Amino acid sequence: MSKQKHPLTRNQTATDLPLQNDLQDANPESPVQRQQQKEHLSRLFRQLEQSPDGLYLQGLMARYRGIDEP
Amino acid sequence: MNTVKLDEVLQKIYNLPSLPSVVLELLESIDQEDIKVDSLAKKIAQDQALTAKTLRLANSSFYGMSNQVNTIHEAIAILGFRTVRTLVTTAALLDTFSGRMHAGFNAAPFWRHALATAICARELAVQLNSNPERAYTAGLLHDIGRLVLVTQFQAKYLATMAYRDQHDCGLLDAEKAVLGLDHAAIGHALTNHWKFPASVQLAIASHHSTTSMGLPTLSTVVVAADAITHALDLSRDKNDLVPHICTGLWKQLGLEEKALFDVFSSTEKQFQAASLVLTA
């Protein structure tokens, strides 16, 4: 897998973001990559944002990815 | 109207080609202690097309064998009967539906998700000291009802996908809104017709259950594996959404956070290698 960077632009929406798989070997210390991971996770969980049932798994994934909890 | 009645679905299911009888025997043997391996191996070997496809999967890079296996007996000797049983089932399912897809359906994310869910279910089952191979099979098959819709109700399923895109909802909600029934119920009907083990049928029927009450371990494992693999984004489907999963289910699984992280990590690693099988 390439180590290609995926810089965010001002006009980029969540659906333009790279897929999670493309981000897995990214530098976890990079703030940009961490932000992308967070936004990507939010996109995957967008149907469950108001549901307490989605929060547990979303929090789990955030900790697993090493990013802040939603 | 795009609604589909269960009777129509059943009629289409009855018209689908049957799985090879040896595959049904293999699936029945999942719950059996005393398995007649030699007899089953001979039956598999008698189906040349199925054998060829199984050996192609066995020889894919996922299994990392230094020498090619050329017969079912060799595959069993090297990979073990349980692995070969899973390979034969996978080969038969790929064959049953592969020629019937329509242009509007992207099969790759479907099979990627099925395979990822199978691997994750197996990992969860290992953590829970449950039957890992049965979990793998149920995970692999959990969305099989979707293939019935895609192949047998093509125009209506295209309308379902259009609804999903328009409303940015999950496919389950789109199916209910457009068709009036969903792939979990259809998957149950299909696997019941094919006489799959009852535990696998139930896991398929209940994989979108919104309650964990009364669910047996296998069903709980498949619900969790489905949600986890969506959350890990292994299908690489840009429209993907994590489905609803009730908090009680995690309590029922009873796994510590570290154990779950091990499952996530192991699923991702195995999936990267296993997904090559799909293109073998």
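Criteria and cut-off values
Residues numbered from 1 in each chain as written. Chains lettered and ligands numbered in written order. Predicted model: local features only at pLDDT ≥ 70, side-chain atom pairs only at ≥ 80, totals over all residues. Helix = DSSP H or I, 4+ residues; strand = E, 2+ residues; numbered from the N terminus. Buried ≥ 20, exposed ≤ 12 C-beta atoms within 10 Å, placed from the backbone. Contact = placed C-beta atoms within 7 Å. Rg over C-alpha atoms; globule rule 2.2 N^0.38 Å. Nonpolar A, V, L, I, M, F, W, Y, C, P; charged D, E, K, R; others polar. Core = buried A, V, L, I, M, F, W, Y, C linked by C-beta atoms within 7 Å. Expected span 1.5 Å × (residues − 1). pLDDT = per-residue confidence, 0-100. Axes fitted to C-alpha atoms, helices over the stretch in contact; angles between N-to-C directions. Parallel < 35°, antiparallel > 145°, perpendicular 65-115°, else oblique. Left-handed = near helix turned anticlockwise from the far one by under 90°.

Draft legend 1. Quick look at the overall build of chain A. If you tally the helices and strands in chain A, you get three helices and zero strands. Secondary structure elements of chain A, listed N to C terminal, follow the sequence α-α-α. The buried share of chain A, reckoned over its 70 residues, is 21%. Put simply, 42% of the contacts in chain A that link residues at least 6 apart link residues at least 24 apart.

Draft legend 2. Structural context of the overall build of chain B. The secondary structure content of chain B amounts to 16 helices and zero strands. A compact globule built from 280 residues would reach a C-alpha radius of gyration of about 19 Å, and chain B, at 18 Å, matches this within 12%. Here the C-alpha coordinates of chain B stretch approximately 50 × 45 × 30 Å along the principal axes. Burial status across chain B gives 44% buried among its 280 residues. Here the analysis covers contacts within chain B between residues at least 6 apart in sequence; of these, 68% occur between residues at least 24 apart.

Draft legend 3. Fine view of the interface of chain A and chain B. Across the boundary between the two partners, chain A contributes 18 residues, which contact 21 residues of chain B. Those elements that place two or more of their residues in the side of chain A that touches chain B are helix H1 (20-23) and helix H3 (52-65) of chain A. Element by element, the count of residues in the side of chain A that touches chain B is highest for H3 of chain A, at eight residues. When its residues are assigned to classes, the side of chain A that touches chain B shows 10 nonpolar, six polar and two charged.

Draft legend 4. Quick look at unusual backbone geometry. All names here are of chain B. In the Ramachandran plot, Asp168 falls in the positive-phi region, its phi being about 50 degrees despite a non-glycine side chain. As for its placement among the helices and strands, Asp168 is situated in the loop between helix H10 (154-167) and helix H11 (171-178). By C-beta crowding, Asp168 is classed as exposed, having 11 other C-beta atoms within 10 Å. Despite not being glycine, Lys195 has its phi angle at roughly 60 degrees, a positive value. Its location among the elements puts Lys195 in the loop between helix H12 (183-193) and helix H13 (198-205).

Draft legend 5. Structural context of the nonpolar core. Residue and element names in this part refer to chain B. With 81 residues, the main nonpolar core has Val88, Ala121, Leu124, Ala138 and Val221 as its most contacted residues. In terms of residues, this core owes the most to one element, helix H7 (residues 107-127), which gives 10 residues. Setting aside residues up to four positions removed in sequence, Val221 forms contacts with Ala121, Leu124, Ala125, Leu128, Ser130 and Ala135.

Draft legend 6. Fine view of the environment of His113 of chain B. All names here are of chain B. The topology assignment puts His113 in helix H7. The class for His113 is buried, based on 23 C-beta atoms found within 10 Å. For the pair His113 and Val150, spaced 37 residues apart in sequence, the C-alpha to C-alpha distance is 16 Å.

Draft legend 7. Quick look at H7 of chain B. Residue and element names in this part refer to chain B. For H7, with 21 residues, the first-to-last C-alpha span of 31 Å sits near the 30 Å given by 1.5 Å per residue. For H7, the buried fraction is high: 15 of the 21 residues fall into the buried class. Backbone geometry just after H7 places Asn129 at a positive phi near 55 degrees.

Draft legend 8. Focus on the confidence of the model for chain B. With 96% of its residues at a pLDDT of at least 70, chain B reaches an overall mean of 88. With a pTM of 0.84, the predicted complex shows an ipTM of 0.82.

Draft legend 9. Structural detail: the packing of H7 of chain B against helix H14 (residues 217-231) of chain B. Residue and element names in this part refer to chain B. With their axes 8 Å apart at the nearest point, H7 and H14 run at an angle of 125 degrees to one another. On the basis of the axis angle, H7 is oblique to H14. As H7 packs across H14, the resulting crossing turns out to be right-handed. Residues His113, Ala116, Thr117, Cys120, Ala121, Leu124 and Ala125 of H7 form the contact with H14, whose participating residues are Val221, Val222, Ala224, Ala225, Asp226, Ile228 and Thr229.

Draft legend 10. Region of interest: the confidence of the model for chain A. All names here are of chain A. Averaged over every residue, the pLDDT of chain A is 66; residues scoring 70 or more account for 54%. Between the elements of chain A, mean pLDDT differs from a low of 50, seen in H1, to a high of 89, seen in H3. Under a pLDDT of 50 for its full length, residues 1-19 has, in the predicted model, 21 contacts with residues more than four places off or in other chains.

Draft legend 11. Here's a closer look at the packing of H7 of chain B against helix H16 (residues 257-274) of chain B. Residues and elements named next belong to chain B. Two elements in contact, H7 and H16, have axes separated by 9 Å at closest approach and are oriented at 140 degrees. Relative to H16, H7 is oriented oblique. H16 is crossed by H7, and the crossing has right-handed handedness. Contact residues: Leu115, Ala116, Ile119, Cys120, Glu123, Leu124 and Gln127 in H7; Ala259, Val263, Ser266, Thr267, Gln270, Phe271 and Ala274 in H16. Looking at the contact of H7 with H16 residue by residue, the classes come out as nine nonpolar, four polar and one charged.

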